[in-house]
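Commentary on secondary and tertiary structure
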There are 2 protein chains.
Amino acid sequence: MSIVVVGSVAYDTVETPRERRERQLGGSASFFAVAARGRGPVRCVGVVGDDFRAEDLDLIGRHADIAGIARVPGRSFHWSGRYHADLIERDTLATELGVFADFRPEIPAAWRDSEYLFLANIHPALQAGVLDLMRGPRLVALDTMNLWIETTPDLLRAILRRVDVLLVNEGEARLLTGERSLARAAAAIAAMGPARVIVKKGEHGALLFGRESVLAVPALILDDVVDPTGAGDCFAGGFMGSLAQAGVGREAPDAAFRQAMLDGTVTASFCPEGFSVEGLLRADDAAYARRLATLRTMMCP
Amino acid sequence: MSIVVVGSVAYDTVETPRERRERQLGGSASFFAVAARGRGPVRCVGVVGDDFRAEDLDLIGRHADIAGIARVPGRSFHWSGRYHADLIERDTLATELGVFADFRPEIPAAWRDSEYLFLANIHPALQAGVLDLMRGPRLVALDTMNLWIETTPDLLRAILRRVDVLLVNEGEARLLTGERSLARAAAAIAAMGPARVIVKKGEHGALLFGRESVLAVPALILDDVVDPTGAGDCFAGGFMGSLAQAGVGREAPDAAFRQAMLDGTVTASFCPEGFSVEGLLRADDAAYARRLATLRTMMCP
């Protein structure tokens, strides 16, 4: 079943202790689309400037339908950051919104009955606008960030009432709820709307707070981390792709979502192994199957 | 089968955002002894000063044989620390060694054929001295810290060759090996001696790097954290208690150690729920069984 993803299609300038990459393909929708591995199919909504390279659009186009990516005059969204030696902490050096500043997502009419919707981390008013256009998706997942929790709390609360799965990190879960305990924070978020809450913990894995159960999925242990940018969006792509492939809707039991957590985790594990989407692109089905087996061994005593 | 634990029996002054506790029972051997839940039996080796309260010795004595705890003139080891608001980060305010400065562990003759030995975090020369006194234990586990890795690396390396299980945190694993990747660090440690490496990650759980497999155990998610001091030693107590109860020696397959990781994790989960050993003492068998069931549900998709 189809997935619509709405998010950024961008350029990232990334500096790691070993290397610097200038204006490489990035953005939440790009990572998500490649990560979903054609399981959707995936339909991509975003905006790029006239500086966006045709080959980058083509790359996304090999994994997703890009008819929803508008190309307009101006510069593409550009994020620039520098990673610390641990390849976990990072400093944002610049965020140039470019054409993204005036982004008003348009969902092609033929896409509005897509069954799955992933609202990547953009302004909650835009997220709400997209959701308004959809005709009753089976499942809506949403990502957000500190900025929206702090600056547009009411808009965020309003859309959360219409969301099935919220993806946040630990700090965001605490900021959103004022609860220090993750257990209490997850319960408070569930009371706001999303019956399922995924807490992303980076190299420590992710937690799924379901209706009746909690699942803790460890991150796979990597020999080498090159560039972790986008891993969270890759997790979302793998997770939503898994749900869409299996036809799991909001009414499904926790067990269905627990399985999708593994797919999200395996998918995300390839991301940090290369710059941009390079790690994802290197992952073939055999490598995917091996990691899924490794992950199961890591999880079940 | 019997476990000998050698470590500190101490007083902790702990300040949390909510409360301050002055000179409460602490020390690695104390936490370990209570945490092992009589599974050993546990035999405790340490030293206290003449300021040590009889009721505190009695408390340890209800869970372990304390014939190896010497009482000598002077002040007991005293650690003082202040936790940050997250109840994870902490600052050490004072470390007064007192009688611990001249601690030369003596193992009662009748204890030297104990099957299990836990060398808590003390000077590696003392750890080696204890190991020399033992008559071929079935399994030796060792904890250490940055201080010894940095100041006595050769002594530490020498004893690691005789150790079966090393318990460290992430930073210590990296410092000890110079490897940023935990996978590489664990492999490097295994090459130094310990066939099994446990990487403790606090609220993110723990990893067991076995001979042929890796297990990631999440921490249980607590409603309320009061004082996390000692949780690592409680993990060790639960882990070693489990091995001793099942009679698991160094030659056993990974599976036996994987099971013990769950016992360590459940045991450690009670520690932060109270000051000192109060959380541990409140945990009855029913609560233990409930948490073990919860942990399994958290782990297996």
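Since this is a predicted model, take the numbers as computed values, not measurements.

1. Observations regarding the packing of helix 1 (residues 28-35) of chain A against helix 8 (residues 231-246) of chain A
All names here are of chain A. One can describe the packing of helix 1 onto helix 8 by two numbers: an axis separation of 7 Å at closest approach and a directional angle of 40°. Regarding the angle of helix 1 to helix 8, the classification is oblique. For the crossing formed where helix 1 meets helix 8, the hand is right-handed. For the pair formed by helix 1 and helix 8, the contact residues are Ser28, Phe31, Phe32, Ala33 and Ala35 on the first element and Asp233, Cys234, Ala236, Gly237 and Gly238 on the second. Partitioned by chemical class, the residues of the contact of helix 1 with helix 8 number 6 nonpolar, 3 polar and 1 charged.

2. Some thoughts on the interface of chain A and chain B
Taken together, the contact pairs 24 residues of chain A with 24 residues of chain B. Looking at the side of chain A that touches chain B, the elements with two or more residues in it are helix 7 (182-192), strand 13 (214-217), helix 9 (254-270) and helix 11 (285-299) of chain A. The class makeup of the residues in the side of chain A that touches chain B is 14 nonpolar, 5 polar and 5 charged.

3. What about the nonpolar core?
By size, the foremost hydrophobic cluster in this structure holds 188 residues, and its most contacted members are Val5(A), Phe118(A), Val5(B) and Phe118(B). If we ignore the near neighbours within four places in the chain, the residues touching Val5(B) are Ala29(B), Phe32(B), Ala33(B), Val42(B), Cys44(B), Val45(B), Phe118(B) and Ala120(B).

4. So, the pairing of strand 4 (residues 42-48) of chain A
Residue and element names in this part refer to chain A. The element strand 4 is extensively covered by neighbouring structure, given that 7 of its 7 residues are classed as buried. Here strand 4 shows a buried face lined by Val42, Cys44, Gly46 and Val48 and a second buried face lined by Arg43, Val45 and Val47. Both strand 1 (residues 3-6) and strand 4 contribute to a ladder of 4 bridges, which runs parallel. Looking across to strand 4, one finds that valine 5 is bridged to cysteine 44. In the classification by handedness, the crossover that spans strand 4, the intervening helix 2 (residues 54-61) and the parallel strand 5 (residues 65-71) is right-handed.

5. Considerations on the relation of the copies chain A and chain B
Laying chain A over chain B is done by rotating through 180° and shifting 0.0 Å along the axis; what remains is an RMSD of 0.0 Å. Those values place the two copies in the arrangement expected of a two-fold rotation axis. Counting the interface residues of chain A, we find that 100% of their copies in chain B are interface residues as well, pointing to one common contact surface.

6. So, the pairing of strand 5 of chain A
Two strands pair when backbone bridges link them, and strand 4 of chain A and strand 5 of chain A are joined in this way by 5 bridges, in the parallel orientation. In the sheet register, Gly46(A) faces strand 5 of chain A, and the bridge partner there is Ile69(A).

7. Quick notes on helix 1 of chain A
All names here are of chain A. Within helix 1, 8 of the 8 residues are buried, leaving the element largely enclosed by the surrounding structure. Restricting attention to buried positions, one finds in helix 1 the residues Ser28, Ala29, Ser30, Phe31, Phe32, Ala33, Val34 and Ala35. At the exit of helix 1 stands arginine 37, carrying a positive phi of roughly 55°.

8. Concerning the confidence of the model for chain A
The predicted model of chain A averages 97 in pLDDT, with 100% of residues at 70 or higher. Across the interfaces of the predicted complex, the ipTM metric reaches 0.92, alongside a pTM of 0.95.

9. A word on the sheet that holds strand 3 (residues 20-26) of chain A
Residues and elements named next belong to chain A. A sheet is described by the order of its strands in space; here 4 strands give the open sequence 3-2-6-7, paired in mixed fashion. Strands with a single pairing partner mark the edges of an open sheet, and in this sheet they are strand 3 and strand 7 (90-96). Neighbouring strand axes in the sheet, compared pairwise and without regard to direction, differ in orientation by 20° on average. As judged from the 5 bridges shared by strand 2 (residues 10-15) and strand 3, these two strands associate in the antiparallel manner. Of the residues in strand 3, the one forming a bridge with alanine 10 is glycine 26.

10. So, helix 11 of chain A
Taking 1.5 Å of rise per residue, the 15 residues of helix 11 of chain A would be expected to cover 21 Å, and the 21 Å separating its terminal C-alpha atoms lies within 8% of that figure. Those residues of helix 11 of chain A that are buried are in contact with strand 13 and helix 9 of chain A together with strand 13 (214-217) and helix 11 (285-299) of chain B.

11. Observations concerning the sheet that holds strand 5 of chain A
Residue and element names in this part refer to chain A. Read from one edge to the other, the open sheet built from 9 strands follows the order 5-4-1-8-9-10-11-12-13, with strand pairing classed as mixed. Both outer strands of the open sheet, strand 5 and strand 13, are each paired with one neighbouring strand and no more. On average, each strand axis in the sheet is tilted by 15° relative to the strand beside it, whichever way the strands run. The pairing of strand 12 (residues 206-209) with strand 13 spans 4 bridges and is classified as antiparallel. Note on strand 13: the bridge partner recorded for phenylalanine 209 is valine 214.

12. Describing unusual backbone geometry
Residues and elements named next belong to chain A. Of note, the amide linkage connecting glycine 40 to proline 41 takes the cis form, showing an omega dihedral of -5°. Located in the positive-phi region is arginine 23, a residue other than glycine, with phi close to 45°. With respect to the helices and strands, arginine 23 occurs in strand 3. In the Ramachandran plot, serine 276 falls in the positive-phi region, its phi being about 50° despite a non-glycine side chain.

13. Regarding the packing of helix 3 (residues 124-133) of chain A against helix 5 (residues 153-160) of chain A
All names here are of chain A. Across the interface, helix 3 lies against helix 5 with an axial gap of 9 Å and an inter-helix angle of 30°. Between helix 3 and helix 5, the angle falls in the class roughly parallel. Here helix 3 runs over helix 5; the crossing is left-handed. Counting all contacts with helix 3, which are made through Pro124, Ala125, Gln127, Ala128 and Leu131, the residues of helix 5 involved are Leu155, Leu156, Ala158 and Ile159. Here the contact of helix 3 with helix 5 is composed, by residue class, of 8 nonpolar, 1 polar and no charged.

The rules we used
Residues numbered from 1 in each chain as written. Chains lettered and ligands numbered in written order. Predicted model: local features only at pLDDT ≥ 70, side-chain atom pairs only at ≥ 80, totals over all residues. Axes fitted to C-alpha atoms, helices over the stretch in contact; angles between N-to-C directions. Helix = DSSP H or I, 4+ residues; strand = E, 2+ residues; numbered from the N terminus. Parallel < 35°, antiparallel > 145°, perpendicular 65-115°, else oblique. Left-handed = near helix turned anticlockwise from the far one by under 90°. Contact = placed C-beta atoms within 7 Å. Nonpolar A, V, L, I, M, F, W, Y, C, P; charged D, E, K, R; others polar. Core = buried A, V, L, I, M, F, W, Y, C linked by C-beta atoms within 7 Å. Buried ≥ 20, exposed ≤ 12 C-beta atoms within 10 Å, placed from the backbone. Pairing = 2+ DSSP bridges. Right-handed = clockwise from strand over helix to strand, strands pointing away. Least-squares fit on C-alpha atoms with pLDDT ≥ 70 in both. pLDDT = per-residue confidence, 0-100. Expected span 1.5 Å × (residues − 1).

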